[in-house]
Amino acid sequence: MTEQSKSALEDDVPEQMRIRREKRSRLIAAGLDPYPVAVPRTTTLKALRERFADLEIDVATGESESVTGRVIFKRDTGKLAFATLREGDGTQLQVMFSLDRAGEDVLAAWKSDVDLGDLVSVTGEVITSKRGELSVLASSWMHAAKALRPLPVEHKPLSEETRVRMRYVDLIMRDTARDVARLRPNVMRSLRESFHARTFIEVETPMLQVLHGGATARPFVTHINAYDMDLFLRIAPELYLKRCVVGGLERVYEINRNFRNEGADSSHSPEFAMVECYESFGDWNSIADLTRGLVQEAAMSVFGSHLVTHADGSVRNLGGTWHEISLFGAISKALGTEVTGITSYDELLKHAKAVGLSVDPKWIPGKLAEELFEYLCKDQLQEPTFVRGFPVDTSPLVRAHRSEAGVAEKWDLYIDGFELATGYSELIDPIIQRERLTEQSLLAAKGDTEAMQLDEDFLRAMEFGMPPMGGMGMGVDRLLMALTGLGIRETILFPLVKPE
RNA sequence: GCGCCGCUAGCUCAACUGGCAGAGCAGCUGACUCUUAAUCAGCGGGUUAUAGGUUCAAGUCCUAUGCGGCGCACCA
């Protein structure tokens, strides 16, 4: 780059960034490295705070430490300057620079070279100030990294868009952002421990699939050059996990990403984390117990309680046994007349029109029943509730109910009005499974982009004998939402955003 | 995908029926040895998202585009 074009570029940047770049150049010219390979660090701010938790006011410990952190406050007074450092876990500590201790040059350099947002290393004696604040009284300091961009205002919340687009800044500035970032791995660990305690084993199955199946959703399509063929990003791991069960991995689970090429909003992300599990010789009842256990153990693990406090301050109780309602029972109650899994499409349509539900003519009868349920009953589902007995025709991988006609042994778990998980008694008869998937593939042929494809290898696996089992899928992002009351984009560190 | 609303300084926001584009924090200069969003004095910082149009005059009105938010639809 020529000097001329460089200066043109420099002229373009905002004043505050220009000044910081000039400071960087000045440091380098003075033989100081604004980006050194290593800096002194003898302890963390957190460890130091814990070690000196009970110091009196205005105490000098005689102990020297080197601490690092990001400068988040800076108060340059005449001969005694203060700053607050913050570490990645949110712990803060004051550092002080006095003319007596540091000397004129060190104090002057600190005042002129350091800006809010810089990462620094400060070495000095651990003391408490006359106001009682635990501090490191500097004898020396150096940059760990010069920040070229100013931090946003500490005391005004960042706009939601900036928080999502610049999550690194959000993490620097906001406690809740840091807490949620740490909550997710804690919940994942709890899930894995819960599964481990129940002798489930974790498996990893393909994300790139030749056929998409295991759920009804539009997939993302990609292409493998080596085989010159299209592949699908998986919409669910179900068909591979069931292959594992056929092979004798009796209790399996997977926690990983699914991809669905559908709308994105406050509770939907195109890529989302899912825990899915299968329990041989279990059914929809045992898998419901397991699901409740997973959620309650996660709450206990991360909050120490089944009572969880949401972002808006409200408290939800996830403890005890949960409500169970029947899907058709709830519809019947809301309509005041009996509706079941064998109620005809025409009759369902009549009810839908009577209550003012606008009906898509493409809906099959089971879909219409589900829509009726959501329209009439969904607002009753704030507390954890298993909604049991979904229509067979919308549940192609689920066993028919052992006694109710037209109904499958499938439940949905609702918390806070959204669907957190779904569980089945899995269909294990390969002949019926083939019929169901054939129906799906006919729907696909008619242009239903969400219908499942006919997976011959999966059917072949079933024909070797699949044990009776319960299965469950739960959105990890949604579990975090249920635990925190936050939107899905808050629970995902880097949700998809369109480029600026 | 459709509808409504928004986009102004580094950040968060003002600017009445069109009439000199402002504040707080942040920044720069100076003062201050106990500050906690320090205080005091002074000073800078803007292609009002982008492109076009109407008008003597546009942040404000019109058109298009981009990005965002909310609602609807689809879905976990």
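Here the structure is shown first, and the text comes after it.
What you see is a predicted model; the values in this text were computed from it and never measured.

Trainee: What's the story with the protein's contact with RNA strand B in this structure? I'm lost.
Mentor: Glu-15, Asp-100, Arg-131, His-268 and Arg-478 are the nearest of the 50 residues found near RNA strand B. The sugar-phosphate portion of RNA strand B accounts for 54% of its atoms within 4 Å of the protein, the bases making up the rest. A distance of 2.8 Å separates a sugar or linking oxygen of RNA strand B from a polar side-chain atom of Glu-262. Arg-489 has a polar side-chain atom sitting 2.8 Å from a phosphate oxygen of RNA strand B. If you list the elements that add at least two residues to the surface near RNA strand B, you get helix H2 (15-29), strand E1 (60-75), strand E2 (80-86), strand E3 (92-98), helix H4 (99-102), helix H6 (160-165) and helix H13 (365-377). Considering each element in turn, the surface near RNA strand B owes the most residues, four residues, to H2. Looking at the surface near RNA strand B residue by residue, the class counts come to 16 nonpolar, eleven polar and 23 charged.

Trainee: How do you make sense of the pattern of salt bridges when you look at a structure like this?
Mentor: A side chain with one charge may pair with a side chain of the opposite charge, provided their charged atoms come close. All chains considered together, the criterion is met by 38 salt bridges. Across the salt bridge formed by Arg-86 and Glu-154, the nearest N and O atoms sit 3.6 Å from each other. Note that Arg-86 is positioned in strand E2 and Glu-154 in the loop between strand E5 (134-145) and H6, a separation of 68 residues in sequence. Taking relative accessible area as the criterion, Arg-86 reaches 6% and is therefore assigned buried. For Arg-174, the salt bridge is made with Asp-170, and the minimal N-O distance between the two is 2.7 Å. What you see here is one network of salt bridges that share partners, running through Arg-20, Lys-23, Asp-115, Asp-118 and Lys-146.

Trainee: Honestly, the sheet that holds strand E18 (residues 469-475) in this entry has me stumped. Any pointers?
Mentor: Think of a sheet as strands paired side by side through backbone hydrogen bonds, with each pair either parallel or antiparallel. Reading across from one edge, E6-E10-E11-E18-E17-E16-E15-E14 is the order of the eight strands in this open sheet, with mixed pairing throughout. Each end of this open sheet is capped by a strand with a single partner; those strands are strand E6 (201-202) and strand E14 (323-326). Pairing geometry for strand E10 (residues 251-259) and strand E11 (residues 271-280), over nine bridges, is antiparallel. Residue pairing in the sheet places Val-252 in a bridge with Tyr-278 of E11. Taken strand by strand, helix H9 (residues 238-246) contacts E10, E11, strand E17 (418-425) and E18, and its axis lies near 25° from that of E11.

Trainee: What should I look at first to understand the packing of aromatic side chains in this one?
Mentor: Geometrically, a pair of aromatic rings is defined through the distance of the ring centres and the angle of the planes. Tallying each qualifying case throughout the model produces seven aromatic pairs. Aromatic pair Phe-195 and Tyr-253: ring centres 4.1 Å apart, planes at 10°, arrangement stacked. With Phe-195 in helix H8 (residues 175-197) and Tyr-253 in strand E10, this residue pair connects regions lying 58 residues apart in the sequence. What makes Phe-195 buried here is its relative accessible area of 0%. Among the aromatic residues, ring-to-ring pairing joins Phe-97, Trp-110 and Trp-141 into one connected group. We note Arg-243 situated over the ring of Tyr-240; from NZ or CZ to the ring centre the distance is 4.4 Å. Lying across the ring of Trp-284, Arg-388 places its NZ or CZ 4.0 Å from the centre.

Cut-offs used in this document
- Residues numbered from 1 in each chain as written.
- Chains lettered and ligands numbered in written order.
- Predicted model: local features only at pLDDT ≥ 70, side-chain atom pairs only at ≥ 80, totals over all residues.
- Heavy atoms only, no water.
- Near = heavy atom within 4 Å.
- Polar contact = N/O pair within 3.5 Å; in protein donor to acceptor, adjacent residues only side chain to side chain.
- Helix = DSSP H or I, 4+ residues; strand = E, 2+ residues; numbered from the N terminus.
- Nonpolar A, V, L, I, M, F, W, Y, C, P; charged D, E, K, R; others polar.
- Salt bridge = Lys/Arg side-chain N within 4 Å of Asp/Glu carboxyl O.
- Buried < 20%, exposed > 50% of the residue type's maximum accessible area, 1.4 Å probe, protein only.
- Pairing = 2+ DSSP bridges.
- Contact = heavy atoms within 4.5 Å.
- Axes fitted to C-alpha atoms, helices over the stretch in contact; angles between N-to-C directions.
- Phe/Tyr/Trp six-rings, centres within 6.5 Å; stacked < 30°, edge-to-face > 60°.
- Lys NZ or Arg CZ within 6 Å of the ring centre and 35° of its normal.

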